Amino acid sequence: MTCLASRRFFSILTHFQPKFDPGFVVKNDNIVQRFYCHTAIPSLAPNEDEIVTLSHNVYESHKKSQKVPLVLIHGLLGSGKNWGMFAKSFREQRTVMTVDVRCHGSSPTVPKMDYHLMSQDIKALMDHYKWKKACILGHSMGGKIAMVLALTQPNLVDHLIVADSNPGMSTGGQQMFAIIDALAKVRFNHSGALPAARRDAADQLLSVVKEASVRHYLVMNVQKTNGKYCFRTDPHVIGSNLDTILGFPHFSEEKAFLGKTLFLGGANSRYISEDTMGDIERLFPTAGVQHIPNAGHWVHSDQPAEFTRRVKQFLGDL
């Protein structure tokens, strides 16, 4: 088990009911960093179906813009930091929020992850800021969260952008289970520096994760907490929810989202392909579909300039 996150997961005697507590606000380069406390309230039994208060950053627009805000949602084993460079570009025209979804980054670790709950976590943030609408952009797992929010709360979504994801079963499930298992088996030398701990973790993952870029992405989750290295995202919690994360909830055609939608994939990825177009067309019949050349599943990382241009074009921000 990882350190702090694991203790939260197994602290079954304490029932967490999240409340928005302003905590403290730091302003730096027009970035408003808001840290919210996850208040523990004793209860006789845990309630797994509660909303989680997400850690997030708000990047205020450079202009006095009347445009609706943009919410950026990361993928599995990522964090809001993955979107930092993009948020600073997108805020030229509108306010931008990056979030750490539940069990990721600095957000609370809880036992249950499903797309209905994770979309409600996003809605809770929007309600807190009194945002009646927002543009929602999500990558991979974050794209599924964005799609479920649009399908269940269509009035909240002004524009929907799904980055290399689809409303169906994700490919590569067997490999993902192997990666999560490998993460759970990583052992740390707690006396060294953080870069050394990350290099050591990467070496331990080498037999399962062949791609250097993916290993780098994974070990960026390594942090030091209470004097011990661990992963921000607890692989045991992710593993217990992985079947749900790889899947997608069932929605009938009557629930189709008719708003402005763009599926933006990498040309070298299979997540948005002929095999997945049936589900896309059934639930998002007005969607446009684009592929960025020379990009794979991490389309925004592989071709950041072109990804940014296409998103801004779709939002009318060019």
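If you're wondering where the values come from, they're calculated on a predicted model, not measured in any experiment.

Thresholds applied
- As a convention, each chain's residues are numbered from 1 in the sequence order in which they are written.
- In view of the model being predicted, local features appear only for residues whose pLDDT reaches at least 70, and side-chain atom pairs are presented and counted only at 80 or more, with totals across whole chains, interfaces and linings using the full set of residues.
- Water and hydrogen atoms play no part in the side-chain values, which are based on all heavy atoms of the structure.
- Secondary structure elements are defined from DSSP: runs of H or I of at least 4 residues count as helices, runs of E of at least 2 residues count as strands, and each element is numbered from the N terminus.
- Contacts: residue pairs with any heavy atoms within 4.5 Å of one another.
- Under this scheme, a helix contributes an axis fitted over its contacting stretch, all axes are lines through C-alpha atoms, and angles between N-to-C directions fall in the 0 to 180 degree range.
- Put simply, angles under 35 degrees are roughly parallel, angles over 145 are roughly antiparallel, angles from 65 to 115 are roughly perpendicular, and the rest are oblique.
- Under the scheme applied here, ten amino acids are nonpolar (Ala, Val, Leu, Ile, Met, Phe, Trp, Tyr, Cys and Pro), four are charged (Asp, Glu, Lys and Arg), and all others, including Gly, are polar.
- Aromatic rings from Phe, Tyr and Trp, with only the six-membered ring used for Trp, were paired whenever their centres fell within 6.5 Å, and each pair was classed as stacked if the ring planes differed by under 30 degrees, edge-to-face if by over 60, and tilted otherwise.
- Relative accessibility decides the category of a residue: with a 1.4 Å probe and only protein chains considered, values under 20% of the type maximum give buried, values over 50% give exposed, and everything between is partly exposed.
- In the sections that follow, a salt bridge refers to a side-chain nitrogen of Lys or Arg positioned within 4 Å of a carboxyl oxygen of Asp or Glu.

Engineer: Can you break down the environment of Gly296 residue by residue, with the values?
Structural biologist: Its location among the elements puts Gly296 in the loop between strand E11 (288–292) and helix H10 (299–302). As a C-alpha pair, Gly296 and Asn268 span 28 residues in sequence and 4.6 Å in three-dimensional space. When sequence neighbours within four positions are dropped, the list of residues in contact with Gly296 reads Asp164, Gly266, Asn268, Ser269 and Asp302.

Engineer: Explain the packing of helix H5 (residues 173–184) against helix H8 (residues 235–246) residue by residue, including any values.
Structural biologist: One way to put it is that H5 packs onto H8 with a least axis distance of 9 Å and a crossing angle of 170°. If you check the angle between H5 and H8, you find them roughly antiparallel. Together, Gly173, Met176, Phe177, Ile180, Leu183 and Ala184 of H5 and Pro235, His236, Ile238, Gly239, Leu242, Asp243 and Leu246 of H8 make up the contact between the two elements. In the contact of H5 with H8, the residues fall into 9 nonpolar, 3 polar and 1 charged.

Engineer: Residue-level account of the side chain of Ser55, with values.
Structural biologist: Looking at the element boundaries, Ser55 is found in the loop between strand E2 (31–35) and strand E3 (56–59). Apart from residues no more than four positions distant in its own chain, Ser55 is found in contact with Thr98, Val99, Asp100, Ser106 and Ser107.

Engineer: Account for the packing of aromatic side chains, with residues named and values stated.
Structural biologist: Centre distance and the angle of the planes are the two values used to describe a pair of aromatic rings. One pass over the full model with this rule turns up 12 aromatic pairs. Residues Phe86 and Phe307 carry aromatic rings whose centres are separated by 5.8 Å and whose planes lie at 80° to one another, so their mutual orientation is edge-to-face. Residue Phe86 is found in helix H2 (residues 84–90), and its partner Phe307 is found in helix H11 (residues 304–315); the two are separated by 221 residues along the sequence. When sorted by exposure, Phe86 lands in the same class as Phe307, which is buried. The structure contains a cluster of three or more aromatic residues connected by ring pairs, namely Trp83, Phe86, Phe90 and Phe307.

Engineer: If you had to explain the pattern of salt bridges to someone new, which residues and values would you point to?
Structural biologist: On inspection of all chains with the given rule, the structure shows 10 salt bridges. Its salt-bridge partner being Asp317, residue Lys67 comes within 2.6 Å of it at the nearest N-O pair. Remark: Asp317 occurs in the segment after H11 and Lys67 occurs in the loop between E3 and strand E4 (70–73); sequence separation between them is 250 residues. Look at Asp317 and you get buried, because its relative accessible area is 6%. We note a salt bridge from Asp275 to Arg270, for which the minimum N-O separation is 3.1 Å. An identical accessibility class is assigned to Asp275 and Arg270; each is exposed. Each of Lys67, Arg94 and Asp317 takes part in a single network of salt bridges with overlapping partners.

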